[in-house]
Amino acid sequence: MAAAPVPTGRFAPSPTGAMHLGNARTALLAWQHSRRAGGRHLLRFEDLDVGRVRDWAYDCTRRDLEWLGLDWDEAFTQSARKELYADALARLDTYPCTCTRREVLAAIQDSAGAPHSEEAVYPGTCRSGSVNPQRLAARRWRVPEQESCVQDAGSRVVLCQNLPRDVGDFVLQRGDGAYAYHLAVVVDDALTGVTDVVRGADLWTATPRQVALQRALGYCTPQYFHVPLMTDYAGQRLAKRGGAPSVRDLRESGEKPERVLAQLALSLGWTVPAEVTAAELLEISALQPSLLPFPITPVH
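Just so we're clear, the structure is a prediction, and the values are computed from it rather than from any experiment.

Enquirer: Would you explain the overall build of the protein chain in this entry?
Expert: For the protein chain, the count of helices and strands is 10 helices and 10 strands. Buried residues in the protein chain amount to 47% of all 300 residues. If you sum the accessible surface of the protein chain, you get close to 15000 Å²; carbon and sulfur atoms cover 51% of it.

Here is the structure:
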């Protein structure tokens, strides 16, 4: 009998700026989940969108995590793994697409009938051949005629998507050669042995298409735990572009990491002292019935 895989989790920031408190809270939850399971914890920099990457953000993120007391067993960058994504792409049924985003939206608006999904679903313009072959072409996955379902391991909510109707043929490689998030994250999780994914609830509706890619590539599907996003006083999600407070600013201003961790824990409804270390939070969470789940809103 094959041995059970080592529980493995990950935190996967994008080095596009300083990490804000919402990022830090997700990092804390992912780290807690890995360490409570006695497993491995990975740090993966998702840096394929080179136009948005800031070279200083790698070291800044490492410093922020270390300041908070969150460690990892291995770190790597997606930019160093492009050959792996190319191999996976070659195993999938894809086709070149030269449509711009504006053209896709215009085609959707011109098509008859109401949309079946909240996001724009590619209408298949280039499925039979590129309409503008002189342009640089993206690669779209010819999604199979199937329904893809996933259950959030924390909330037990199930989300099913009919791939052609709800998702459509989505891009796996952009026209400039950059590999898309959905392909890269699926390949990385599979090849680094990730068994448990703790990430923000904003990625919940993307999970069925990632599960479909896993099945098409013959990969195992990890457990997914989607956690609530941290919001500001107006109820808006924290974001780097929105000027959310950065961990770097707090660290460099002389703030104590124990106070920051306590505030992150309090925002989750935990009962903690005014100052607490990451190791102490690990002990505190072990006394609770469950670190996860958090509520996930069903999608209709």
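Next comes the rest of the account.
Enquirer: Looking at this structure, I do not really get empty space enclosed by the protein. What am I missing?
Expert: Empty space among the atoms can be located by rolling a probe the size of a water molecule over them. Counting across every chain of the model gives 2 cavities of 30 Å³ or more. Each pocket or cavity is described by its volume, and for the largest cavity that value is around 40 Å³. Looking at the largest cavity, the residues that line it are Phe11, Ala27, Trp31, His41, Leu42, Leu43, Leu65, Leu70, Asp71 and Trp72. Those elements giving two or more residues to the lining of the largest cavity turn out to be α1 (21-36) and β2 (40-45). Taken together, the residues of the lining of the largest cavity sort by class into 8 nonpolar, 1 polar and 1 charged. Size it by volume and the second largest cavity reaches roughly 30 Å³. As for the second largest cavity, its lining consists of Pro7, Thr8, Gly9, His33, Ser34, Ala37, Arg40 and Asp196.

Enquirer: Hey, could you run me through the sheet that holds β2 in this one?
Expert: Strand pairing in a sheet relies on backbone hydrogen bonds, with the paired strands running either antiparallel or parallel. On the basis of which strands lie adjacent, the open sheet formed by 3 strands has the order β1-β2-β3 and parallel pairing. Where the open sheet ends on each side, the last strands, each with one partner, are β1 (8-11) and β3 (74-77). The mean inter-strand angle of the sheet, taken between neighbouring strand axes irrespective of direction, is 25 degrees. In the sheet, β2 pairs with β3 via 4 bridges, with the strands oriented parallel. Counterpart to Phe45 in the pairing with β3 is Thr77.

Enquirer: Can you walk me through the nonpolar core in this structure?
Expert: Among soluble globular proteins, nonpolar side chains are generally buried collectively. Counting 34 residues, the largest nonpolar core has Leu68, Leu70 and Leu281 as its most contacted members. The set of elements that each furnish at least two residues to this core consists of α1, β2, α2 (55-68), β10 (223-227), α9 (257-267) and α10 (278-286). Counting 21 residues, the second largest nonpolar core, distinct from the first, contains Leu172, Tyr179, Val186 and Leu213.

Enquirer: Quick question: what am I supposed to make of the packing of aromatic side chains here?
Expert: One pair of aromatic rings is described through two measures. These are the centre distance and the angle between the planes. Counted by the stated rule, this structure contains 3 aromatic pairs. Over the aromatic face of Tyr122 sits the side chain of Arg140, whose NZ or CZ is 3.7 Å from the ring centroid. Over the ring of Phe170 we find Arg209; its NZ or CZ atom is 5.7 Å from the centre of that ring.

Enquirer: Got a minute to help me understand helix α7 (residues 207-217) in this structure?
Expert: In an α-helix, one full turn covers 3.6 residues, which means residues spaced three or four apart are oriented alike. Counting buried residues in α7 gives 9 out of 11 residues, a clear majority hidden from the surface. Within the sequence span of α7, burial applies to Thr207, Pro208, Arg209, Gln210, Val211, Ala212, Leu213, Gln214 and Leu217. Directly beyond the C-terminal end of α7, a positive phi value near 75 degrees is found at Gly218.

Enquirer: Looking at this model, I keep getting lost on the pairing of strand β7 (residues 158-162). Mind explaining?
Expert: Within a regular strand, side chains alternate between the sheet's two faces. Of the two faces of β7, the one holding Leu159 and Gln161 is buried and the one holding Val158, Cys160 and Asn162 is not buried anywhere. As paired strands, strand β6 (residues 147-151) and β7 are joined by 5 bridges and run antiparallel to one another. Bridge pairing in β7 places Val150 opposite Leu159. Hairpin geometry of β6 and β7 is characterised by an intervening segment of 6 residues between the two adjacent antiparallel strands and by a positive phi of about 70 degrees at Arg156.

Enquirer: Explain the side chain of Thr94 here, please?
Expert: Structurally, the position occupied by Thr94 is in strand β4 (residues 94-97). Here Thr94 falls in the buried class, since its relative accessible area comes to 15%. Separated by 3.0 Å, the side chains of Thr94 and Arg139 make a polar contact. Apart from the residues within four sequence positions on either side, Thr94 is in contact with Leu89, Arg139, Arg140, Trp141, Arg142 and Leu172.

About the criteria used
- Residue positions are counted from 1 within each chain, in the order its sequence is given.
- Owing to the predicted nature of the model, reporting of local features is limited to residues with pLDDT of at least 70; listing and counting of side-chain atom pairs is limited to 80 or more, with chain, interface and lining totals taken over all residues.
- Side-chain metrics in this entry use all non-hydrogen atoms of the structure; hydrogen atoms and water are not considered.
- What counts as a helix is a DSSP run of H or I of at least four residues, what counts as a strand is a run of E of at least two, and both are numbered from the N terminus.
- Residue burial is assigned from relative accessible area. The probe radius is 1.4 Å, only protein chains are included, and a residue is buried under 20% of its type maximum, exposed over 50%, and partly exposed in between.
- All accessibility values rest on the Shrake-Rupley procedure with a 1.4 Å probe; residue burial counts only the protein chains present in the view.
- Cavities and pockets were defined on a 1 Å grid built over protein atoms only: a cavity is a set of grid points that admits a 1.4 Å probe from which the probe cannot escape, a pocket is an open set flanked by protein on both sides within 12 Å along at least five of seven lines, and lining residues are those with an atom within 4 Å of any such point.
- Grid points are joined across faces, edges and corners, and a volume is the space filled by probe spheres set on the points.
- For this classification, Asp, Glu, Lys and Arg are treated as charged, while Ala, Val, Leu, Ile, Met, Phe, Trp, Tyr, Cys and Pro are nonpolar and the rest, including Gly, are polar.
- Think of it this way: DSSP has to see at least two bridges between two strands before they count as a pair.
- For helices, the axis comes from a line fit to the C-alpha atoms of the stretch in contact; other axes are also lines fit to C-alpha atoms, and the angle between any two N-to-C directions lies between 0 and 180 degrees.
- Definition of nonpolar core: a set of buried residues of the types Ala, Val, Leu, Ile, Met, Phe, Trp, Tyr and Cys, connected through side-chain atoms within 4.5 Å.
- Each aromatic pair joins two rings of Phe, Tyr and Trp (for Trp, the six-membered one) with centres within 6.5 Å, and gets the label stacked for planes under 30 degrees apart, edge-to-face for over 60, and tilted for any other angle.
- Either the NZ atom of lysine or the CZ atom of arginine qualifies as a charge over a ring when it sits within 6 Å of the ring centre and within 35 degrees of the ring normal.
- Here a polar contact means two N or O atoms within 3.5 Å. Within protein one must be a hydrogen donor candidate and the other an acceptor candidate, and residues neighboring in sequence count only if both atoms are side-chain atoms.
- Note on contacts: a residue pair is in contact if any heavy atoms of the two residues lie within 4.5 Å.

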